[in-house]
Amino acid sequence: MASHLPPDTQAEIGKITSGNSIWDSFLEYIVKRGHAIPDSVMTRDKSIAYQSNIEVQDVLLHVHQSDPESAMVAERLLDIDEGIQEWRYRHVKMVERTIGKKAGTGGSSGVEYLASTLFNPVFKDLWEIRSRF
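This is a predicted model, so every value here is computed, not measured.

About the thresholds
- Residues numbered from 1 in each chain as written.
- Predicted model: local features only at pLDDT ≥ 70, side-chain atom pairs only at ≥ 80, totals over all residues.
- Heavy atoms only, no water.
- Helix = DSSP H or I, 4+ residues; strand = E, 2+ residues; numbered from the N terminus.
- Rg over C-alpha atoms; globule rule 2.2 N^0.38 Å.
- Buried < 20%, exposed > 50% of the residue type's maximum accessible area, 1.4 Å probe, protein only.
- Contact = heavy atoms within 4.5 Å.
- Areas by Shrake-Rupley, 256 points an atom, 1.4 Å probe, with all protein chains shown as cover.
- Lys, Arg positive; Asp, Glu negative; His and termini not counted.
- Charge placed at Lys NZ, Arg CZ, Asp CG, Glu CD.
- Phe/Tyr/Trp six-rings, centres within 6.5 Å; stacked < 30°, edge-to-face > 60°.
- Patch = residues over 30% accessible without salt bridge, like charges linked within 9 Å, V, L, I, M, F, W, Y side chains within 5 Å.
- Salt bridge = Lys/Arg side-chain N within 4 Å of Asp/Glu carboxyl O.
- Core = buried A, V, L, I, M, F, W, Y, C linked by side-chain atoms within 4.5 Å.
- Polar contact = N/O pair within 3.5 Å; in protein donor to acceptor, adjacent residues only side chain to side chain.

## Describing the overall build of the protein chain
Then, in step 1: Helices and strands together make up the secondary structure of the protein chain, namely seven helices and zero strands.
Then, in step 2: Along the protein chain, helices and strands appear, N-terminal first, in the series α-α-α-α-α-α-α.
Then, in step 3: Taken over the C-alpha trace, the protein chain has a radius of gyration of 18 Å; the compact-globule value for 133 residues is 14 Å, which it surpasses by more than 25%.
Then, in step 4: Expressed as lengths along the three principal axes of its C-alpha atoms, the size of the protein chain is roughly 50 × 35 × 20 Å.
Then, in step 5: Buried positions account for 29% of the 133 residues belonging to the protein chain.
Then, in step 6: Counting contacts in the protein chain only where the partners sit at least 6 residues apart, residues at least 24 apart contribute 62% of the total.
Then, in step 7: When the accessible surface of the protein chain is totalled, it reaches about 8900 Å², and 58% of it is carbon and sulfur.
Then, in step 8: If you average the places of the 15 positive and of the 19 negative side-chain charges in the protein chain, the two averages end up 6 Å apart.

## Remarks on the packing of aromatic side chains
Describing an aromatic ring pair means giving the distance of the ring centres and the angle of the ring planes.
Then, in step 1: Under the criterion given, the structure shown has four aromatic pairs.
Then, in step 2: Here the aromatic rings of Trp23 and Phe26 are separated by 5.5 Å at their centres, their planes lie at 40°, and the arrangement is tilted. With Trp23 and Phe26 both in helix α2 (residues 22–32) and three residues apart, the pair spans about one turn of that helix. Residues Trp23 and Phe26 agree in their burial class; the two are buried.

## Re a nonpolar patch on the surface
Then, in step 1: There is a patch of nonpolar side chains on the surface, built from Ile80, Ile84 and Val122 and spanning about 220 Å² of accessible area.
Then, in step 2: Following the sequence through the fold, Ile84 ends up in helix α5 (residues 68–99).

## Some details on the side chain of Asp24
Then, in step 1: Residue position: Asp24 is located in helix α2.
Then, in step 2: Excluding residues that lie within four positions of it along the chain, Asp24 makes contacts with Gly19, Arg44 and Lys46.

## Details of the nonpolar core
Then, in step 1: Ranked by internal contacts, the top residues of the largest apolar core, which has 16 residues, are Trp23, Phe26, Leu27, Ile37, Val56, Leu60 and Leu126.
Then, in step 2: Among the secondary structure elements, those contributing two or more residues to this core are α2, α4 (54–66) and α5.
Then, in step 3: Aside from chain neighbours lying at most four places away, what touches Leu27 is Ile37, Val41, Met42, Tyr50 and Val56.
Then, in step 4: Of all hydrophobic cores here, the second largest spans five residues; its members include Val92, Val95, Val111 and Leu118.

## Concerning the side chain of His35
Then, in step 1: Looking at the element boundaries, His35 is found in the loop between α2 and α3 (39–42).
Then, in step 2: Owing to a relative accessible area of 9%, His35 belongs among the buried residues under this scheme.
Then, in step 3: At 2.9 Å, the side chain of His35 forms a polar contact with the side chain of Asp67.
Then, in step 4: Setting aside residues no more than four positions away along its own chain, His35 makes contact with Ile30, Val59, His62, Val63, Ser66 and Asp67.

Next up, the structure:
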């Protein structure tokens, strides 16, 4: 994704993205609050995107039922996620209004690509547990 950038910028992006994400920091917080997140999740290669995990979802469901403070933090993450999804929608509509169905400036398919990102939550595990409350 960053291959068009100068090598030093690529290296900086690589360094930043190999550390803790907001999600990773949230999971560490959950562990510090006494909840057991699987070691395979906590020790995974953080340079690779996190994949939704049913065991983590089980813990998050328990957190919502037994730890009101942590549940509130999780709900704030959902607020952020929802806001990102709303921003994506407004961005799609702005781009569609501005350039129609033309190719995007970054070489993507433009509106088609942007629309494909609309229903991709950032904190998928938090959305997945909604139907289990």
